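# An overview of the molecular structure
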Amino acid sequence: MTSSSGDSKRTLMCRSVWLRRQRAKTKRHKLRVSLATAKGPTHQQGGVSEDSQNTVPVIELDKFPEDVLHHIYSLVPLRDAARAACVSRMFLRSWRRFPNLTFNWEAFGLNLDEGPLYERAQKFANGIHRILENHSGTGVKTLNLQVRPCGDVITANHLDFWLRAAVKSGIIELALDLPRIQRCFFDCTISLEKLEVSQGPPMKISIGSPSQLKNMTMNGQCYSGMFQYALTQLQSITSNLQTLTLLSSAEAFNIPVSPDKFLHLRNLKIYCGGMENFDFFSLASFLKACPTLESFFLSVGPHFDVRRDSIIHECSRADSSHRRRTAEFHRSNLKKVTITGFCSAKSLIELTWQILESSSSLQSLVLDTTGGYDNTGICDYMEKKAVMEALRGVEAIKKYIKGKVPSSVNLKVLEPCGRCHIPKLRKLGPG
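Residues numbered from 1 in each chain as written. Predicted model: local features only at pLDDT ≥ 70, side-chain atom pairs only at ≥ 80, totals over all residues. Heavy atoms only, no water.

## Observations regarding the overall build of the chain
Looking only at helices and strands, one finds 12 helices and 15 strands in the chain. Element-wise, carbon and sulfur atoms account for 51% of the exposed surface of the chain, whose accessible area totals about 23,700 Å². (Helix = DSSP H or I, 4+ residues; strand = E, 2+ residues; numbered from the N terminus. Areas by Shrake-Rupley, 256 points an atom, 1.4 Å probe, with all protein chains shown as cover.)

## Notes on helix α11 (residues 384-401)
The terminal C-alpha atoms of α11, which comprises 18 residues, lie 25 Å apart, in line with the 26 Å expected from a rise of 1.5 Å per residue. All of the buried residues along α11 are Lys-384, Ala-386, Val-387, Glu-389, Ala-390, Gly-393, Val-394, Ala-396, Ile-397, Tyr-400 and Ile-401. (Expected span 1.5 Å × (residues − 1). Buried < 20%, exposed > 50% of the residue type's maximum accessible area, 1.4 Å probe, protein only.)

## With respect to the packing of aromatic side chains
Per the stated rule, a full pass over the model turns up five aromatic pairs. Centre to centre, the rings of Phe-227 and Phe-286 are 6.3 Å apart; their planes meet at 90 degrees, and the pair counts as edge-to-face. Taken together, the residues Phe-227 in helix α8 (residues 226-233) and Phe-286 in helix α9 (residues 284-289) connect sequence positions 59 residues apart. For the pair formed by Phe-227 and Phe-286, the shared burial category is buried. Centroid distance Phe-278 to Phe-280: 5.3 Å. Interplanar angle 85 degrees. Geometry classified as edge-to-face. Each member of the pair, Phe-278 as well as Phe-280, carries the same accessibility label: buried. Taken together, the ring pairs connect Phe-227, Phe-278, Phe-280 and Phe-286 into an aromatic cluster. (Phe/Tyr/Trp six-rings, centres within 6.5 Å; stacked < 30°, edge-to-face > 60°.)

## Regarding the packing of helix α6 (residues 117-134) against helix α7 (residues 156-166)
Relative to each other, α6 and α7 sit at 35 degrees, their axes nearing to 10 Å. Judged by the twist between their axes, the crossing of α6 over α7 is left-handed. Every residue of α7 that contacts α6 at Ala-125, Ile-128, His-129, Leu-132 and Glu-133 is listed here: Phe-161, Trp-162, Ala-165 and Ala-166. Partitioned by chemical class, the residues of the contact of α6 with α7 number seven nonpolar, one polar and one charged. (Axes fitted to C-alpha atoms, helices over the stretch in contact; angles between N-to-C directions. Left-handed = near helix turned anticlockwise from the far one by under 90°. Contact = heavy atoms within 4.5 Å. Nonpolar A, V, L, I, M, F, W, Y, C, P; charged D, E, K, R; others polar.)

## Re helix α4 (residues 78-85)
Residues of α4 that are buried: Leu-78, Ala-81, Ala-84 and Ala-85. Buried residues of α4 fall within an arc of 125 degrees about the axis and therefore sit on the same side. (Arc of directions from axis to C-beta.)

## Here we look at the pattern of salt bridges
Counted by the stated rule, this structure contains three salt bridges. Close ionic contact of Asp-177 with Arg-148 constitutes a salt bridge, the shortest N to O distance being 3.0 Å. Here Asp-177 is found in strand β5 (residues 173-177), whereas its partner Arg-148 is found in the loop between β4 (142-146) and α7, with 29 residues between them in sequence. Relative accessible area serves as the criterion here: at 30%, Arg-148 is assigned to the partly exposed category. (Salt bridge = Lys/Arg side-chain N within 4 Å of Asp/Glu carboxyl O.)

## Topic: the nonpolar core
Of all hydrophobic cores here, the largest spans 92 residues; its most connected members are Phe-103, Met-216, Phe-296, Leu-298 and Leu-348. Counting five residues, the second-largest nonpolar core is a separate cluster that includes Met-382, Ala-386, Val-387 and Ala-390. (Core = buried A, V, L, I, M, F, W, Y, C linked by side-chain atoms within 4.5 Å.)

## Brief notes about the layout of surface pockets
Estimated volume of the largest pocket: approximately 460 Å³. Taken together, 17 residues make up the lining of the largest pocket; nearest its centre are Ala-82, Phe-108, Gly-127, Arg-130 and Ile-131. Counting only elements with at least two residues in the lining of the largest pocket, the list comes to α4, α5 (89-95) and α6. Counting residues per element, the lining of the largest pocket draws most heavily on α6, which supplies six residues. Considering only residue class, the lining of the largest pocket consists of 11 nonpolar, two polar and four charged. (1 Å grid on protein atoms, 1.4 Å probe; cavity = no way out; pocket = protein on both sides within 12 Å on 5 of 7 lines; lining within 4 Å. Points joined across faces, edges and corners; volume = space filled by probe spheres on them.)

## Re the packing of helix α10 (residues 346-358) against α11
Here α10 crosses α11 at 45 degrees, and the two axes come no closer than 11 Å. Taken together, α10 and α11 sit at an angle that is classed as oblique. Our pair here, α10 against α11, has a crossing hand that is right-handed. Judged by residue contacts, Ile-349, Thr-352, Trp-353 and Leu-356 of α10 engage Ala-396, Tyr-400 and Ile-401 from α11. Within the contact of α10 with α11, the residues separate by chemical class into six nonpolar, one polar and no charged. (Parallel < 35°, antiparallel > 145°, perpendicular 65-115°, else oblique.)

## Some details on the pairing of strand β11 (residues 267-272)
On β11, burial follows the alternation: Leu-268, Ile-270 and Cys-272 on one face are buried, whereas Asn-267, Lys-269 and Tyr-271 on the facing-out side are not. In this structure, strand β10 (residues 243-250) lies alongside β11, joined through six bridges in parallel fashion. Residue Thr-243 lies in a different strand from β11, and its bridge partner there is Asn-267. Of the pairings in the sheet, the one linking β11 to strand β12 (residues 295-299) comprises five bridges and is parallel in character. (Pairing = 2+ DSSP bridges.)

## Remarks on the confidence of the model for the chain
Overall, the prediction assigns the chain a mean pLDDT of 75, with 69% of residues at 70 or greater. Counting contacts from residues 26-48, a segment whose pLDDT is below 50, to residues more than four positions away or on other chains yields 29 contacts. (pLDDT = per-residue confidence, 0-100.)

## Quick word on the side chain of Ser-361
Structurally, Ser-361 can be placed in the loop between α10 and β14 (364-368). Take Ser-361: its relative accessible area is 17%, and that puts it in the buried class. A polar contact of 2.8 Å, which involves the side chain of Ser-361, links it to the backbone oxygen of Leu-334. In contact with Ser-361, other than residues within four places in its own chain, are Arg-331, Ser-332, Asn-333, Leu-334 and Lys-335. (Polar contact = N/O pair within 3.5 Å; in protein donor to acceptor, adjacent residues only side chain to side chain.)

## What to know about the environment of Glu-133
You can see Glu-133 is positioned in helix α6. Between the alpha carbons of Glu-133 and Ala-166 there is a distance of 9.7 Å; along the sequence they are 33 residues apart.

Structure representation (structure tokens):
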């Protein structure tokens, strides 16, 4: 019994020593990354050793220059980068200057459908706060802040702290998806190349070096006034803007007498979200305000009914002598115009006439009356009335636009699909 007990103690001591050695070995080589191969064991000259059958090549990360490791670390998703920082001091140093910060529900592994919304939003906000408290604030290239679902938790004070912590010199892209809070002023004292804002009522924006801002997106689909705001308030921060994207679903639009100029804007995209009674001709103010514009994209939005302002329903003859015109202007750089969701609204026909008459350099005009296609190439779903309005749009193009298109312009008209959309009209019948 004594001998057996002694053997057990010696066994435990040996095992303890072995564990300590393994921990020390793991600590020395904690930055090694195994590269598994599918070729099987490594063959060596003179035969295959037993060790070579059980080992794979490794890379010792601690032997790389720190700037190289920092670059590799910057390519890792946010959650994985945070986990790596918990087990490595070297990665912790990189974490404190992690360049691409994307804060959304997915990045934190949160499910919008699990648990009380307030508790999940509070957990989300606390997570963002902890990360930015531990971040040095230097090295951030992109900040994507998607906190719209947290309206009952996120305050202006939260946003002030987060933006001041992450928006520093060297940042290139800033994307904000904000809840509806009483925040009407956004002050950014550093240079930005790209800014995306999805928010409530348009806020006042101040940027320290507006000449660096090249790309801007403003999404006001849930609120009104984004187009009006862009024409009257953006010029002060967009002196060198080249691409502008605007989204709105409600506009009480009044054409400015003298809209601000976007002297360097080359690409303009405008999305109208279901504004059935919107005066599309008012968008000619944007064309007038952009003397160097090269590409213009307009999404008229989905059609839920037949247009009341349809040019097809007019009793009088609708031609160029019976329509509105803006003050004369000429665009010598505009080459491509695309209008999706094209319909028979008279104001849209007038806008198209204005484009054709004022753009001597136009090369391509695409008028798409459909709802587009999904990722598989299948036609997007269209309600019966939407198909009917699309067909009126085709009729209006043939009657009022086609004859005015110069031979130098490539006109492309996309009609409702004869296989997906037209049979629906026959199947459902009138009404």
